[in-house]
Amino acid sequence: MTLSVDIRHSFEGFSLEISCQIGQSVTAIFGPSGAGKSTFVNAIAGLLRPDQGRISLIDETLFDSAEGVHVPPAQRRIGYVFQDGRLFPHLSVQDNIRFGARYAPGGLDRAEEARLVALLGLEGLLGRRPGTLSGGEKQRVALARAWLSGPRLLLMDEPLAALDEPRKDEIFPYLERLRDLSEVPIIYVSHNLAEVARLADDLIVLQAGRVALSGRAEDVLSDPRALPLLGIREAGAILPATVVAHDPDGLSRLRLSGGDLILPGVTAPIGARIRLRVLAQDVLLSRNPPDGLSSHNVLPVVVETLHRGGGPGVAVRLRSGKDVLLARITARAAEEMGLALGQSCHAILNATAVPRGSIGGEGARSVADAP
Amino acid sequence: MNLTDAEWAALALSLKVSVWAVIISLPFAILVAWILARREFPGKALFSALVHLPLVLPPVVTGYLLLLTFGKNGAVGAWLAELGIVLAFRWTGAALAAAIMGFPLMVRAIRLAIESVDPRLEEAAETLGAGRGARFFRITLPLIAPGILAGVVLGFAKAIGEFGATITFVANIPGQTQTLPSAIYAFLQVPGGEAGAIRLTLLAIFVAVGAVLISEWLARRVAKGIGRT
């Protein structure tokens, strides 16, 4: 494990008690406002000193209340991309991104700088002042600045939250490219599941200052118990898929371990591995093979778990080949169908509901969104 | 305008005293302003009151206190005299009086500037590896440059105009401690001195307007320099 956190902290009317291990990958911290996400990352960065506990990165203790250890933020080498950018207004874009380089172990790495500038599309901005940049440009500069300081770990606290949807779509491919090229572990704080599904390998769900769920993103997102935590309209499984064909009518054939899906709006080339996000509320179940449906997207599945919540809904975890799907149906329907563990049935996905452009087109870890 | 040698000397002394007053008090003013803006400690209100004291005390009282403290027999003055430093009745004493009178004005201007710097920018610098000194010199100081400039202008103006504390502490010795206001006062004390007083008054106005114009020009350049245009 790269980062190990075990902390307790209390504010007026709020207490945080978090214990977790974070590995060498992209870990998303998800939770509603006030769940303690920012407190958690601020403690890791050293901007907040917890009341009690221990934080260690690789083999270095960053914080230990019992030993009285609190390494100052400036010596932690943990990069931080803030929601509001926090660029230095009196410095040019170039001086901003070089700000931390003089404290990095190897100093300024010009090759790395050139690579980042190209990757983040900053060539035309280098001489400008932050005051003249758009929100999306500012966040790209903030990313480059944190990256070039040579961090051992990178924290991103809702870096896209202040941006509108078009700006988010503009910056997302940059984020994905950075993630794919980087060896630095990333902690990505978000309250947007679409972002989480697109970026994260691991997922920690926080609720009221506690870890409610944690694990591989695919597992957590397809865990029926996660449904109330993630929001019933937002919850949904992630499925890896391979693009096998693009048909002339604009539809593409995607191969999953449990069968094929036909979806519109896939821009990734043939052979690319992408991730599909299938929302639980967009999955219908049928005991018999459906016939005469308008949807081509039917996968044979086996019921793995049934989770009855407080309301009229039931969350069903379904196995499809090596993958897992999550469906949300009414308790009455489950009863009438006589759904039981281990039972085979058919999952129907409404593919036409997938909006153009929201299917990840680049890299092995892209995700399609199927709201 | 034909100035006599004594009048030129008064102008030169005023400028010298004021420049030195600003130079010696500026580092302390920045430090005190930073403490007042960014630190919490018991007795802060008292500390703040002490800093602002010269602003509210009658200047003559400040001058007299300086004389008591820094005079030849004063607590600090006697000790400094052993080191060969004499302040009372010297131009250096005039500079000290001007510095102390202008100090609260400088602190005020700089403190406001520091309070307007977003501490989250300093936090960001911290996560990038900058220690306390680097954060101050690379982030805070450039961002408060307009406030420092404003403080310098106020301190300089106060120093040029300072009269009460100066005349009490260092008297009114031509060529030694006679600044522009003291010289004007001296002219007014003798019959037929009005002409000289008016010449020096015009000179004082000229110096003041010049200082304001220069500071306006500097302020624009500084604002541009830190991306505030």
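Residues numbered from 1 in each chain as written. Chains lettered and ligands numbered in written order. Predicted model: local features only at pLDDT ≥ 70, side-chain atom pairs only at ≥ 80, totals over all residues.

1. Remarks on the interface of chain A and chain B
At the junction of the two partners, chain A supplies 21 residues and chain B supplies 16 residues. A per-element tally of the side of chain A that touches chain B places strand E7 (residues 78-81) of chain A first, with 3 residues. Its residues assigned to classes, the side of chain A that touches chain B shows 12 nonpolar, 5 polar and 4 charged. (Contact = placed C-beta atoms within 7 Å. Helix = DSSP H or I, 4+ residues; strand = E, 2+ residues; numbered from the N terminus. Nonpolar A, V, L, I, M, F, W, Y, C, P; charged D, E, K, R; others polar.)

2. Regarding the packing of helix H10 (residues 180-189) of chain B against helix H11 (residues 194-225) of chain B
Helices that pack against each other are described as a pair by the angle of their axes relative to one another and the distance between those axes. Residue and element names in this part refer to chain B. Running from N to C, H10 and H11 point in directions that differ by 160°, and their axes come no closer than 8 Å. In terms of their interaxial angle, H10 and H11 are classed as roughly antiparallel. When the axes of H10 and H11 are compared, the crossing they make is left-handed. Where H10 approaches H11, its residues Leu180, Ala183, Ile184, Phe187 and Leu188 are matched on the opposing element by Gly196, Ala197, Leu200, Thr201, Leu203 and Ala204. When its residues are assigned to classes, the contact of H10 with H11 shows 9 nonpolar, 2 polar and no charged. (Axes fitted to C-alpha atoms, helices over the stretch in contact; angles between N-to-C directions. Parallel < 35°, antiparallel > 145°, perpendicular 65-115°, else oblique. Left-handed = near helix turned anticlockwise from the far one by under 90°.)

3. Looking at the pairing of strand E13 (residues 251-256) of chain A
All names here are of chain A. Summarising the sheet, strand E12 (residues 236-246) and E13 pair through 4 bridges and their orientation is antiparallel. Looking across to E13, one finds that Ala245 is bridged to Arg253. In textbook terms, the turn of a hairpin is the stretch between consecutive antiparallel strands, and for E12 and E13 this stretch comprises 4 residues, one of which, Gly250, has a positive phi near 95°. Of the pairings in the sheet, the one linking E13 to strand E14 (residues 259-264) comprises 6 bridges and is antiparallel in character. For Leu254, the partnering residue across the bridge sits in E14 and is Leu261. (Pairing = 2+ DSSP bridges.)

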